[in-house]
Structures are given as structure tokens and as C-alpha cells.
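Structural features, examined
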Amino acid sequence: MIYHICRRGEAEKAFAAGFYAPDSLQTEGFIHFSTAAQVVGVANRFYAAVSDLVLLTVDDTNAENSGKVKFEAVPDSDQAFPHYYGPLPMDQVLSVLDLPQDANDGFCLPEGVTDGSGAGAPGHGWRVVIDSILDQVRLAIAPDQLLYRIALETEAGFRFGDLLVDFSLYRTVNVLAIGKAARRMASALGNLIEERIDAGLIVSKTPFEADEFPPKYRCFVGGHPVPTEASVLAGEAVLEFAGTMNEKDLLIVLVSGGGSSLAIAPVNGVSLPEIRELNRGLLASGATIHEINEARKRVDRLKGGGVARAAGGARILNLILSDVIGNDLATIASGPTVLAKEDGGARIESLTIGDVGTAIDAAAKSAVEFGFEIVRVDEPISGEAREVGKAFAERIRSVRSERESGSRPVLILRGGESTVTLRGDGFGGRNLETALGAVETLSGLPGVALVTFATDGEDGPTDAAGAIVTGDTARFGVAAGLKLSEALERNDSYRYFEAVGGLIRIGSTGSNVNDLLMGFIF
């Protein structure tokens, strides 16, 4: 909820007209609102000598209002305040409350309105804050924007970061894009150098639109998270494509997470069903991404430098969107163009254009604009998802207990990737299971929220990017007839958060830089 302070007569006129449009709408373009925690300070500062004040209560999270409310910084304050853009329909006003004064003639909150220090949800306007921060993260990790930032045209060709490319030196210029971000990365590169590109091949997780790319590109949709027949077709096409090149050619490779499953080329004697079973077993075992990719390299000709070996000595320029902590190039998409030292590779150059640090920086920058103090956890996320969630929830409890009353809100940020050991027949992903592991620890704790976020927008096989846990989540679960212990036992995190209204659904982001874990203390 958000609140607007006005005189009772002004509210009555607005109800008669059907909408509220104070002078600020004309002079500033929006209506000033406050969170419950901000109301008293605003009233005492700007309305000290005014009587008959009321609060208009508006739900900023419903479909009618959420797109019109922005939390924005204001002069002379370290807090972000809600601003309502456009006239306020009075049918959106849930209540009109008298704004009382205390014994010292200062204002106080009406009965039934709390400033977030009471039990339950993390304070008013909290979901708008979280959604706004996630929006900024999505913008920051957009593959096309990341590519544009590091690309600069020169007299001889192009500069990508510190890597110079003189296109006149090569017989042909070729583009290979593999991974969840393949389409957006290939499109962005095409916008920059389309007239220079002779041929291209793109392997994506999501379907292509008609005429999305010129005929000189071959486009494939592979299987993920488990490879399919389409993945085999894509993998063989990739090796065939690379095999047309020699030392006179240039191959620009756009690599992003997910490529290990989207394109495969089984070694002789290994079948697709065997590789699928290997993938399923590894994913269910709780193995790390490094362990999974090492196993994949032993059964797949594409992995561990397979594309580089097939490319006949062509110069290879890798532009990489990393979904791996530490940006180990041999691990991202299982390193299709990364050769071992003994294999050479002097003509292979690589540049990482974005990683989980990009997402963390964007979340921190956005949160600071809302008045948050930032705490970064340097140790990356790793280990069993439910234990990661529990430990992070305990950190939230600890930071909250040490906060002084009236201090700035805090956002704890951590990036990385947990693992899930499957024990049951439920439905979910590692981000959802991380959130599920935090529910009991945060139960009943006021003024907090834990957010898990898969930056590709899809946590494992689900359509959710992650989930939000507050002090109310456990209570909502009980009210829905759910048992937390059973959900954990069955790895049934998706259905649990669907029932309690905690899922984050944003659709595919077309990017992938690992996972974010956020702890809000309001």
C-alpha cells in the first residue's frame, strides 16, 4: 500500500469528480505518495500547521496501478518515494483515513496502519521495489546492449573491447552463435557488421520468427536442459560449418550458457539416449556445472575445443556471455572453442561481455536509488540449494537483528549457482528450491524478503524465474493446506510457491549470467 496526504475537502471533491488531479500533476507530472514508514515524516515537514488531513490508501501492486507507480529519488532525502503518474481514479482509493496528531502535536499513523515494524509482510510498496530492481537487472544483462557497449567501428574494421578485427585480412567472415542468448547476440552483431558477414549458424533454445535472419544464416532450435534429436542435428551442423574454414577465414563465436545441451555431437559408440541419461543423472545428482561439463566432454566431439579443431586454423574471436562463476571459458557451454595448451590455439581470442557481476552491479545501483545500503557477499552461491536458502535466510535474520531502529533499508546480494539432489517426484528448479529452503527460517519475521532469480527467466524446466519469500510465506502455505516438509521431501518447490503467490514469472530474458540471491531488510 501507498498513501497520499491531502485535506478532507480535496478528497471529497475528487470523489465527486471521479478522479484526483492535484496541482503537482500539472507542475511535476505525478502525484506525491508515501509508504507507511514515510507518512509521519512527510506530514510533520510539509503539513505542520494544517488540520483536517486525511490519508488516501492505494494498492500499488494491483494491475490498474502498478504500471503507474515509480519509486524515485527526491532532493534532500536518501529515500525513494512512490510517485503516481497520471490522474488517480477514485475507485482505486481503498480507504480515506483521518491523520491523527499525538500528544506533542506531531502527526502519527492512523490505527491499523503500520510502518513495517509489525509482524507479517515486509512493508508497503515492497513488491514495486523488488520488481523495479529486477527490471534494471534484466536491462543490464540484455545481450544486445552488452555487445553494443564493447563494439566500436574503426577505419580498418571493428574493435571489440581490446580485440581488433581488420575484416580485409580474411577470405570470409563467419558467425556461430550457440546458447540461450544466441538469437539476441547474433541479431546485435548483425546490426553492427551485417554487410561484412558471409555466413552464419545459430543454435537457440527458443524458436525463431519468420525471416528473423537473412538466408545466409542456418538456424536451429536445440533441446534444453536435456539434449534432443534436434540438438544432434544442430551439433553436426556446427561441426560441418566449422569444417568449411581454414587459416584464411575469421570465425566470430557468440557463446552463452545452455549451449552444452542445445548442440551435441556424440562420439562414436555413444548414442543420444545414453547422453540423455548421463545428463539426467548428472542434473539429479547435485553435481556442479564444472563436473557436469567435464563428463560431457568425454562423450561429445563438440565440447572441449571441438569447434576450434574443426575450423582448420581459422582465426577465432569468442564473445562470451558467462553463466559460470569465475568465467572459466572451458566450462561455459563446455568450451566448444577452448583448446588445451598442448593443442595450440594461438589464433583464438576471447572476451567476456557480461557475467553475474553485471547483474549484481545493476541490482546494487538500482537499490541505492531506493535508499538501500548494499551488502555484497563475495563468496559465490554453491552447494545444495535448500541449504543455501536456509543459510542466506539466517544471514538476513542476523543483519536485521543488528540494525538500528530507523536506519536505511538493506539489500544483501550474492551470485552463483546452487545444485539440487533430486529425492522426490515434484516440480521445480534450483532457484525455487533455494527459496523453499528459506521459508521456515523467515517464518513470522517482519520487514524482510528473500528473492531468488534465474537471470535467463526460466528456473530449470519451469516457467518461473524464481520466488519471493517473506515472513508470511509459511503462514500462506498452511492456509493453502500445504506442508513445507512434504514439499521439500518431494522437491516440489514450484507448486508450493504457485499456491502461496510467490512465483516470479517474467518469461525468457534472452540472456543468462547465472543466478541472483537477494535479501531485503526494509
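With respect to the layout of surface pockets
Space inside the second largest pocket adds up to approximately 980 Å³. Along the walls of the second largest pocket sit 47 residues, with Pro225, Leu283, Arg430, Gly460 and Pro461 positioned nearest its centre. Going through the elements one at a time, α9 (259–262), α10 (272–285), α11 (289–297) and α15 (430–442) are the ones with two or more residues in the lining of the second largest pocket. The element best represented in the lining of the second largest pocket is α11, accounting for four residues. The residue inventory of the lining of the second largest pocket, partitioned by class, reads 14 nonpolar, 21 polar and 12 charged.

With respect to the sheet that holds strand β5 (residues 69–73)
A sheet is described by the order of its strands in space; here three strands give the open sequence β3-β6-β5, paired in antiparallel fashion. Looking at the sheet topology across the chains shown, the edges are occupied by β3 (31–32) and β5.

Considering the confidence of the model for the chain
Averaged over every residue, the pLDDT of the chain is 90; the share at 70 or more is 95%. For residues 116–121, every residue scores under 50 in pLDDT, and the model assigns this stretch 15 contacts once sequence neighbours within four places are set aside.

Digging into the nonpolar core
In terms of nonpolar packing, the biggest core is built from 78 residues, with Ile133, Ile252, Leu254, Met518 and Phe520 touching the most fellow members. Top contributing element to this core by residue count: helix α5 (residues 126–140), with eight residues. In this view, Ile133 contacts Ala363, Ser366, Ala367, Phe370, Leu411, Met518 and Phe520; residues no more than four positions away in its chain are not counted. By size, the runner-up hydrophobic cluster in this structure holds 31 residues, among which are Phe392, Ile396, Leu432 and Leu445.

What to know about the sheet that holds strand β18 (residues 373–376)
Spatial strand order, β18-β19-β23-β20-β21-β22: six strands in an open sheet with mixed pairing. The open sheet has two edge strands, β18 and β22 (503–504), and neither has a second partner. The pairing of β18 with strand β19 (residues 410–416) spans four bridges and is parallel. Considered in β19, the bridge of Arg376 is made with Leu413. The strands that α15 touches are β20 (448–454), β21 (466–470), β22 and β23 (515–521); relative to β20, the one it contacts most, it runs at about 170°.

Here we look at the pattern of salt bridges
Applying the stated criterion across every chain, the model contains 24 salt bridges. Note that Asp456 and Lys180 form a salt bridge whose closest N and O atoms lie 2.5 Å from each other. Of the two residues, Asp456 sits in the loop between β20 and β21 while Lys180 sits in the loop between β12 (173–178) and α7 (182–193), which places them 276 residues apart along the sequence. Each member of the pair, Asp456 as well as Lys180, carries the same accessibility label: buried. Note that Glu458 is salt-bridged to Lys205, the shortest N-O span being 2.9 Å. On the criterion of sequence distance, the pair formed by Glu458 in the loop between β20 and β21 and Lys205 in the loop between β13 (199–204) and β14 (217–221) is long-range, its members being 253 residues apart. One salt-bridge network, held together by shared partners, links Asp425, Arg490, Asp492 and Arg495.

The rules behind the values
- Residues numbered from 1 in each chain as written.
- Predicted model: local features only at pLDDT ≥ 70, side-chain atom pairs only at ≥ 80, totals over all residues.
- Heavy atoms only, no water.
- 1 Å grid on protein atoms, 1.4 Å probe; cavity = no way out; pocket = protein on both sides within 12 Å on 5 of 7 lines; lining within 4 Å.
- Points joined across faces, edges and corners; volume = space filled by probe spheres on them.
- Helix = DSSP H or I, 4+ residues; strand = E, 2+ residues; numbered from the N terminus.
- Nonpolar A, V, L, I, M, F, W, Y, C, P; charged D, E, K, R; others polar.
- Pairing = 2+ DSSP bridges.
- pLDDT = per-residue confidence, 0-100.
- Contact = heavy atoms within 4.5 Å.
- Core = buried A, V, L, I, M, F, W, Y, C linked by side-chain atoms within 4.5 Å.
- Buried < 20%, exposed > 50% of the residue type's maximum accessible area, 1.4 Å probe, protein only.
- Axes fitted to C-alpha atoms, helices over the stretch in contact; angles between N-to-C directions.
- Salt bridge = Lys/Arg side-chain N within 4 Å of Asp/Glu carboxyl O.

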